[in-house]
Amino acid sequence: MKCQSCGGPLNETAGRGRLVCTYCGTLNVPKAGRLSADRITLLEEFSDHRCPGCEQQLSRAMADEAFVESCSSCQGILFERDVFMSVAWDRRGQFQGAEETPIPIDPAELKERRNCPKCQQLMETHPYYGPGNAVIDSCHRCQLVWLDTGELTAIERAPGQRQLRS
């Protein structure tokens with residue numbers, strides 16, 4: 001993305017959900033694009049990574065006020081590990097709808113293998129060890145987590161502890 005005032009490059013250092021221009025210091029708020037099933041907002045630029053599921057170029061995106069990457073084709077989401085934990089925790093704490101009984105994990109999902117979009121090494125495929133039956137892919141080396149479409153929503157709506165962070 002480029003600065004709306006001068007066209008200079010933007011950095012994410014101005015706080016969550018905002019970008020600051022390297023040259024003129026203008027605070028920029030990204031324009032939202034299409035919203036996914038997991039309420040991920042695609043931004044108007046591609047990332048440097050490819051989707052580990054369908055090999056399409058990932059787009060920069062936002063999960064609430066956190067920067068993530070998402071595939072416009074399969075709607076999978078790539079998180080930095082700490083961002084994933086924060087978004088999942090916040091969404092669970094704020095969720096006020098009816099809780100959904102988790103669907104049992106399909107054992108075939110645990111056999112899927114994907115390469116990390118950053119280092120290209122094989123990611124670890126495992127159940128998410130929190131509420132909601134989701135199979136996630138993670139790269140310990142790069143501290144990245146990949147969720148398929150619908151998995152963030154399943155985690156958010158699953159029964160279990162709900163509290164806002166202090």
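Before reading further, recall that the structure is shown in the block above.
So, here's what we can say about the structure. Just so we're clear, the structure is a prediction, and the values are computed from it rather than from any experiment.

## Comments concerning the pairing of strand 10 (residues 144-147)
Of the two faces of strand 10, both are covered, the one formed by Leu144 and Trp146 as well as the one formed by Val145 and Leu147. The loop that links strand 9 (residues 135-139) with its antiparallel partner strand 10 comprises four residues; one of these, Gln143, has a positive phi angle of about 60 degrees.

## So, the packing of aromatic side chains
Applying the stated rule across the entire model yields two aromatic pairs. Here the aromatic rings of Phe84 and Tyr128 are separated by 5.6 Å at their centres, their planes lie at 80 degrees, and the arrangement is edge-to-face. Of this pair, Phe84 sits in helix 1 (residues 81-94) while Tyr128 sits in the loop between strand 8 (124-127) and strand 9, placing them 44 residues apart in sequence. Judged by relative accessible area, Phe84 falls into the buried class, the value being 4%.

## Description of the pattern of salt bridges
Applying the stated criterion across every chain, the model contains eight salt bridges. Residue Asp82 is joined to Arg81 by a salt bridge in which the shortest nitrogen-to-oxygen separation is 3.8 Å. Judged by its relative accessible area of 37%, Arg81 falls in the partly exposed class. Put simply, Asp148 and Arg114 hold a salt bridge, and the shortest N to O gap is 3.0 Å.

## Section: unusual backbone geometry
Of note in the backbone geometry, Gln75 takes a positive phi value of approximately 65 degrees without being a glycine. Mapped onto the elements, Gln75 comes out in the loop between strand 6 (66-70) and strand 7 (77-80). A positive phi angle, near 70 degrees, is found at Gln120, a position not held by glycine. For Gln120, the location among the structural elements is in the loop between helix 1 and strand 8. By relative accessible area, which is 48% here, Gln120 ends up partly exposed.

## So, the side chain of Arg114
Positionally, Arg114 belongs in the loop between helix 1 and strand 8. Polar side-chain contacts of Arg114 include one of 3.2 Å to the side chain of Glu112. In terms of polar contacts, Arg114 uses its side chain to reach the side chain of Asp137, at 2.9 Å. Those residues in contact with Arg114, other than ones at most four positions away along the chain, are Pro52, Gly53, Gln121, Leu122, Met123, Asp137, Trp146 and Asp148.

## Side note on the environment of Met62
Turning to its location among the elements, Met62 is positioned in strand 5 (residues 57-63). On the basis of relative accessibility, which here comes to 10%, the residue Met62 falls in the buried class.

## A closer look at the sheet that holds strand 5
Pairing within the open sheet is antiparallel, and its seven strands lie in the order 4-5-6-7-10-9-8. Two strands in the sheet have a free side with no partner beyond their single neighbour: strand 4 (40-50) and strand 8. Neighbour-to-neighbour, the strand axes of the sheet open up by a mean angle of 35 degrees, direction not taken into account. Here helix 1 sits on the sheet and contacts strand 4, strand 5, strand 6, strand 7 and strand 10; the angle it forms with strand 7, its principal contact strand, is near 105 degrees.

The rules behind each value
- Residues numbered from 1 in each chain as written.
- Predicted model: local features only at pLDDT ≥ 70, side-chain atom pairs only at ≥ 80, totals over all residues.
- Heavy atoms only, no water.
- Buried < 20%, exposed > 50% of the residue type's maximum accessible area, 1.4 Å probe, protein only.
- Helix = DSSP H or I, 4+ residues; strand = E, 2+ residues; numbered from the N terminus.
- Pairing = 2+ DSSP bridges.
- Phe/Tyr/Trp six-rings, centres within 6.5 Å; stacked < 30°, edge-to-face > 60°.
- Salt bridge = Lys/Arg side-chain N within 4 Å of Asp/Glu carboxyl O.
- Polar contact = N/O pair within 3.5 Å; in protein donor to acceptor, adjacent residues only side chain to side chain.
- Contact = heavy atoms within 4.5 Å.
- Axes fitted to C-alpha atoms, helices over the stretch in contact; angles between N-to-C directions.

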